[in-house]
There are 2 protein chains.
Amino acid sequence: MNEQLKCIGTPRFFPKGSFLFRQGDKINNLFFIQRGLLKAYYETLDGKEFIKSFIRDGEFIASLQAIVEGNPNSFTVLSLEDCSVLEVTKQALVDQIANNPALTQVVNSLLLKLAIKKERREYELLCMSPEERYLIFCERECEIFTRLSQNDIARYLGITPVALSRIRKRCRLVGGCQV
Amino acid sequence: MNEQLKCIGTPRFFPKGSFLFRQGDKINNLFFIQRGLLKAYYETLDGKEFIKSFIRDGEFIASLQAIVEGNPNSFTVLSLEDCSVLEVTKQALVDQIANNPALTQVVNSLLLKLAIKKERREYELLCMSPEERYLIFCERECEIFTRLSQNDIARYLGITPVALSRIRKRCRLVGGCQV
DNA sequence: TTAATTCATTAACTCAAGTTAAATAAAATG
DNA sequence: CATTTTATTTAACTTGAGTTAATGAATTAA
């Protein structure tokens, strides 16, 4: 979390189960998470949910497409726990960058980190089986793992809760994964 | 393609079927494509191929992880047609940015575009079926579609050529897709 | 033009994920 | 504590993708 951002942001509290923003909204804000846990997800017309990412303290969430291209936003962000966040408007960020060019570097490195994160997610969805994705998720996200429901984990992996339950059983039998 | 990049890049020619770089290499260069078509792909130990993206004129390809974090690069880039590219070293780019801060904006917008592109790919891999991915690919990439083999298209969609052939048959029967 | 090679389709079979519904288990509530 | 509600597991069945191998079509080379 950057100190310079704190100056231009508004602190906000979102109790567990509240929306930061929703699919279809016009968004012009970025949210820097200071405490808590959230999920960003797509919802289809027939009510299916696909979780894009979990966002935790130290990370930020924004709809690039909405902010940059002015499109209505394509996903929903919901708090899974009580959350303290810093809300920054696009305008405040742009103004601040004008005053303080060093901030461009900060934005640059955030974007770079985001691109790398998305590239890794692409790799996992493209090259790995649901079972492999589950195992690597247990390992890498072990800290938030216990704070999530099977349902949410399944929707993040791109499978149904039923399929995840079967995968967990398989892993238990093999003895590799005792989570 | 940015004029400022042209000054610091070296023009190179890659005939069809040659590698720009390979999985495992240490890369410090970015490549801006001026003409041609390439594929970037992951290769597994047992020889399976997964195509990360196709890159065409006006786009650039680089290994962010390799350049930023100094890791060995995780994918291979191969030319599918004769290609004219502009090779820019990380060092030249960094130097140029020091001299010319405006270039930071250029890099910023490239990164932003990349992040948005990856977000769209994430959406397709997470939320869409192989069949839906195929149909949207036909539609959106119709220009390069005819220049690609079924094999490469399948590996981009995350399925086997056999599965793609079956999908094409299904679509033909329905009559929706006559590609 | 033929032969060789590569690319695409089809068939038969296996396996894992989706779907629906029922059965447990766990958590929240009165 | 008992009850309700929610979360997770299991079962039975369907569907679609992977695998292997054979066939057919299109390209390339001789």
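For the structure, check the block above.
This one's a predicted model, so the numbers in the text were calculated from it and none came from an experiment.

## Observations regarding the protein's contact with DNA strand C
Taken together, 18 residues lie near DNA strand C, and T160, A163, R166 and R170 of chain A together with Q150 of chain B sit nearest. Among the atoms of DNA strand C lying within 4 Å of the protein, the sugar-phosphate backbone contributes 58%. Residue S165 of chain B places a side-chain N or O atom 3.3 Å away from a sugar or linking oxygen belonging to DNA strand C. The separation between a phosphate oxygen of DNA strand C and a polar side-chain atom of R168 of chain B is 3.4 Å. Of all the secondary-structure elements, those providing two or more residues to the surface near DNA strand C are helix 8 (161–174) of chain A together with helix 7 (150–157) and helix 8 (161–174) of chain B. It is helix 8 of chain B that provides the largest number of residues to the surface near DNA strand C, a total of 6 residues.

## Things to note about the protein's contact with DNA strand D
Around DNA strand D sit 18 residues in total, of which Q150 of chain A together with K48, T160, A163 and R166 of chain B are the nearest. Across the atoms of DNA strand D situated within 4 Å of the protein, the share located in sugar and phosphate is 59%. A distance of 3.3 Å separates a sugar or linking oxygen of DNA strand D from a polar side-chain atom of S165 of chain A. One nitrogen or oxygen atom from the side chain of T160 of chain B is found 3.0 Å from a phosphate oxygen belonging to DNA strand D. Of all the secondary structure elements, the ones that give two or more residues to the surface near DNA strand D are helix 7 (150–157) and helix 8 of chain A together with helix 8 of chain B. Broken down by element, the surface near DNA strand D gets its largest block of residues, 6 residues, from helix 8 of chain A. In terms of residue class, the surface near DNA strand D is built from 5 nonpolar, 6 polar and 7 charged.

## What to know about the side chain of E119 of chain B
Examined against the element boundaries, E119 of chain B turns out to sit in helix 4 (residues 102–127). When its relative accessible area of 6% is taken as the criterion, E119 of chain B is described as buried. Setting aside anything within four residues of it in sequence, one finds E119 of chain B in contact with Y42, K52, Q65 and K118 of chain A.

## Some details on the nonpolar core
Counting residues in each nonpolar core, the largest one holds 40 residues, and the members touching the most others are I61 of chain A together with I61 of chain B. Sequence-distant contacts of I61 of chain A, defined by excluding residues within four places in its chain, comprise L20, F21, L30, F31, I33, A40, I55, F75 and V77 of chain A.

## Describing the interface of chain A and chain B
With 28 residues of chain A at the contact, the number on the chain B side is 28 residues. In total, about 2,900 Å² of surface goes out of reach between chain A and chain B, with carbon and sulfur atoms giving 68% of it. Ranking the residues of chain A by area buried against chain B places E119, E122 and L126 of chain A at the top, with a combined share of 24%. Residues K52 of chain A and E122 of chain B are paired through a salt bridge, measuring 3.1 Å at the closest nitrogen-oxygen approach. There are 6 residue pairs in polar contact (both at pLDDT 80 or more) connecting chain A and chain B. Counting only elements with at least two residues in the side of chain A that touches chain B, the list comes to strand 5 (49–56), helix 2 (64–69), helix 4 (102–127) and helix 7 of chain A. Among the elements that take part in the side of chain A that touches chain B, helix 4 of chain A stands out by supplying 17 residues, more than any other. Counted by class, the side of chain A that touches chain B contains 16 nonpolar, 5 polar and 7 charged residues.

## With respect to the sheet that holds strand 6 (residues 60–61) of chain B
Residues and elements named next belong to chain B. Reading across the sheet, the 4 strands line up as 1-8-3-6 and stay open at both edges, with antiparallel pairing between neighbours. Whereas interior strands pair on both sides, the edge strands pair on one side only; in this sheet they are strand 1 (10–14) and strand 6. Helix-sheet contacts for helix 3 (residues 90–99) involve strand 3 (29–35) and strand 8 (83–89), and the interaxial angle to strand 8 is about 65 degrees.

## Focus on the relation of the copies chain A and chain B
For the match of chain A to chain B, the screw axis carries a shift of 0.0 Å, the RMSD comes to 0.0 Å, and the turn is 180 degrees. What we have between these two chains is a two-fold relation. Scanning chain A for the C-alpha nearest the rotation axis identifies A115 of chain A, at a separation of 2.4 Å. A symmetric contact is evident, with 100% of the interface residues of chain A recurring at the interface of chain B.

## Looking at the layout of surface pockets
There is about 740 Å³ of room inside the largest pocket. Surrounding the largest pocket, 34 residues form its lining, E59, F60, K113, L114 and K117 of chain B being those nearest its centre. Those elements that place two or more of their residues in the lining of the largest pocket are helix 4 of chain A together with strand 5 (49–56), strand 6, helix 4 and helix 5 (130–140) of chain B. A breakdown of the residues in the lining of the largest pocket according to their chemical character gives 16 nonpolar, 5 polar and 13 charged. Three or more residues apiece are contributed to the lining of the largest pocket by two domains, here domain 1 (2–117) and domain 2 (128–179) of chain B.

## Comments concerning the packing of aromatic side chains
Taken as a whole, this structure holds 22 aromatic pairs over all chains when the rule is applied. Here Y42 of chain A and Y123 of chain B contribute two aromatic rings whose centre-to-centre distance is 4.6 Å and whose plane-to-plane angle is 75 degrees, an arrangement assigned as edge-to-face. Taken together, the residues span two chains, with Y42 of chain A in strand 4 (residues 37–43) and Y123 of chain B in helix 4. The exposure class assigned to Y42 of chain A is buried, which follows from its relative accessible area of 4%. Cation over ring: R22 of chain A sits above F19 of chain A, and NZ or CZ is 4.1 Å from the ring centre. Above the face of the Y156 of chain B ring, R121 of chain B is positioned so that its terminal group lies 3.9 Å from the ring centre.

Parameters and conventions
Within each chain, residue numbers correspond to sequence positions counted from 1 in written order. For naming, the first written chain is A and the first written ligand is 1, with later ones following in the order written. Where totals are concerned, whole chains, interfaces and linings use all residues; where local detail is concerned, this predicted model gives features only for residues with pLDDT of at least 70, and gives and counts side-chain atom pairs only at 80 or more. No hydrogens and no water enter the side-chain calculation; it runs on all heavy atoms of the structure. Being near a molecule or strand, for a residue, comes down to having at least one heavy atom within 4 Å of it. By the criterion applied in these results, polar contacts are pairs of N or O atoms within 3.5 Å in which, for protein atoms, one can donate a hydrogen and the other can accept it, and in which residues neighboring in sequence qualify only through two side-chain atoms. Note on conventions: DSSP H or I runs of at least 4 residues are helices, E runs of at least 2 residues are strands, and numbering of each starts at the N terminus. Just so you know the grouping, Ala, Val, Leu, Ile, Met, Phe, Trp, Tyr, Cys and Pro go in nonpolar, Asp, Glu, Lys and Arg go in charged, and all remaining residues, Gly too, go in polar. Each residue is assigned to one of three classes by its accessible area relative to the maximum for its type, calculated with a 1.4 Å probe on protein chains only: buried under 20%, partly exposed between the two thresholds, exposed over 50%. It only takes one pair of heavy atoms within 4.5 Å for two residues to be counted as in contact. Among buried residues, the Ala, Val, Leu, Ile, Met, Phe, Trp, Tyr and Cys ones that are joined through side-chain atoms within 4.5 Å form a nonpolar core. Computed with a 1.4 Å rolling probe, the buried area is the accessible surface lost when two parts are put together, summed over both parts. Salt bridge criterion: a side-chain nitrogen from Lys or Arg within 4 Å of a carboxyl oxygen from Asp or Glu. A pair of strands is considered paired only if DSSP assigns at least 2 bridges between the two. Angular values range over 0 to 180 degrees, each being the angle between N-to-C directions of two axes fitted as lines to C-alpha atoms, with helices fitted over their stretch in contact. Least-squares superposition aligns the copies on the C-alpha atoms of those residues with pLDDT at or above 70 in both. Buriedness for pockets is judged along seven lines, at least five of which must meet protein on both sides within 12 Å for an open set on the 1 Å grid over protein atoms alone, while cavities are sets there where a 1.4 Å probe fits but cannot get out, and lining residues have an atom within 4 Å of a point. Grid points are joined across faces, edges and corners, and a volume is the space filled by probe spheres set on the points. Boundaries of every domain are those given by an automatic assignment or by a domain database. Any two rings among Phe, Tyr and Trp, with Trp reduced to its six-membered ring, count as a pair given centres within 6.5 Å; such a pair is stacked if its planes are under 30 degrees apart, edge-to-face if over 60, and tilted if neither. Definition used: whenever NZ (Lys) or CZ (Arg) falls within 6 Å of the ring centre and also within 35 degrees of the ring normal, the charge is taken to sit over that ring.

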